[in-house]
Amino acid sequence: MIIAVDGPTASGKGTIAKALAAHFALPHLDTGLLYRAVGLQAALNHGNPDDPGDACAACEFPDSLLADPELRSEATGSLASRVSVHPEVRRALYERQRAFATQPGGAVLDGRDIGTVIAPEAEVKLFVVASVPARAERRFREMQAAGRSVTLAEIAADLEARDARDRSRAEAPLVAAPDAVLLDTSDLGREAAIAAAIGIVVARRHSG
Ligand code: C5P
């Protein structure tokens, strides 16, 4: 079974995808980490993330970069959103994601275009959303816990900029697949959101 979990930043999709993978004993890939690695590598190369050539060169990042704590920072998230606009970058990362999705036994992948581009045949597609204030508050608490100094207003502004870029890009924009189930986590705690997601997967599996 392939489970595709898409949605904007800090919607809860990562937490939900991880929990679904544990519950259904499936391997999980956070595809945002791949785009973050490209963004961070572009910065390490002193390249311009908005330049397709520089962004493409950064697709040759070492696997060790995937364990770098800097990958989770807001700054790297913004770089990721900028390099992910380039079709060449999306193509370079396609095979790796596709191979993960189609491995025997299935997988859970979370990102922006899993249900639309990477695994359009996924048995279950979830599109996880939440209001900007709810997402900004969550991200703010995560950043505080990680000891990063950033204000709530800065986070909200960054989320909105990233949403706009992800939704408006020409290639693989952030959009729900027509057969995706929408899950709004604005008023749900962690456990309630996970329980709702498990319920959706179970219901879809029985109806398919
Ligand atoms: O999910 P995360 O915040 O880690 O993703 C960082 C950025 O990578 C997103 O803002 C988006 O621009 C890009 N991304 C993407 N397609 C994916 C996953 C992430 O374009 N499947």
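Structure shown above.
Report follows, based on the coordinates. Predicted model only: the values in this text are computed from it and were never measured.

### Side note on the pairing of strand 1 (residues 2-6)
Moving residue by residue along a regular strand, the side chains alternate between the two faces of the sheet.
Turning to step 1, where the next piece is worked out: Burial runs high along strand 1: five of the five residues are buried.
Turning to step 2, where the next piece is worked out: Bridging between strand 1 and strand 3 (residues 107-111) involves five bridges; their strand directions are parallel. For I3, the partnering residue across the bridge sits in strand 3 and is V108.
Turning to step 3, where the next piece is worked out: Alignment of strand 1 against strand 4 (residues 124-129), held across four bridges, turns out to be parallel.

### A closer look at the site of the ligand
Turning to step 1, where the next piece is worked out: Near the ligand you find 16 residues, and of these R36, R90, R112, D166 and R169 are the closest.
Turning to step 2, where the next piece is worked out: Note that an oxygen atom of the ligand is positioned 3.0 Å from one of the side-chain N or O atoms of S84.
Turning to step 3, where the next piece is worked out: Burial of the ligand by the surrounding chains reaches 97%, relative to a free accessible area of 450 Å².
Turning to step 4, where the next piece is worked out: If you list the elements that add at least two residues to the shell around the ligand, you get helix 2 (32-44), helix 4 (74-83) and helix 8 (152-168).
Turning to step 5, where the next piece is worked out: A per-element tally of the shell around the ligand places helix 2 first, with three residues.

The rules behind these values
Residues numbered from 1 in each chain as written. Predicted model: local features only at pLDDT ≥ 70, side-chain atom pairs only at ≥ 80, totals over all residues. Heavy atoms only, no water. Buried < 20%, exposed > 50% of the residue type's maximum accessible area, 1.4 Å probe, protein only. Helix = DSSP H or I, 4+ residues; strand = E, 2+ residues; numbered from the N terminus. Pairing = 2+ DSSP bridges. Near = heavy atom within 4 Å. Polar contact = N/O pair within 3.5 Å; in protein donor to acceptor, adjacent residues only side chain to side chain. Areas by Shrake-Rupley, 256 points an atom, 1.4 Å probe, with all protein chains shown as cover.

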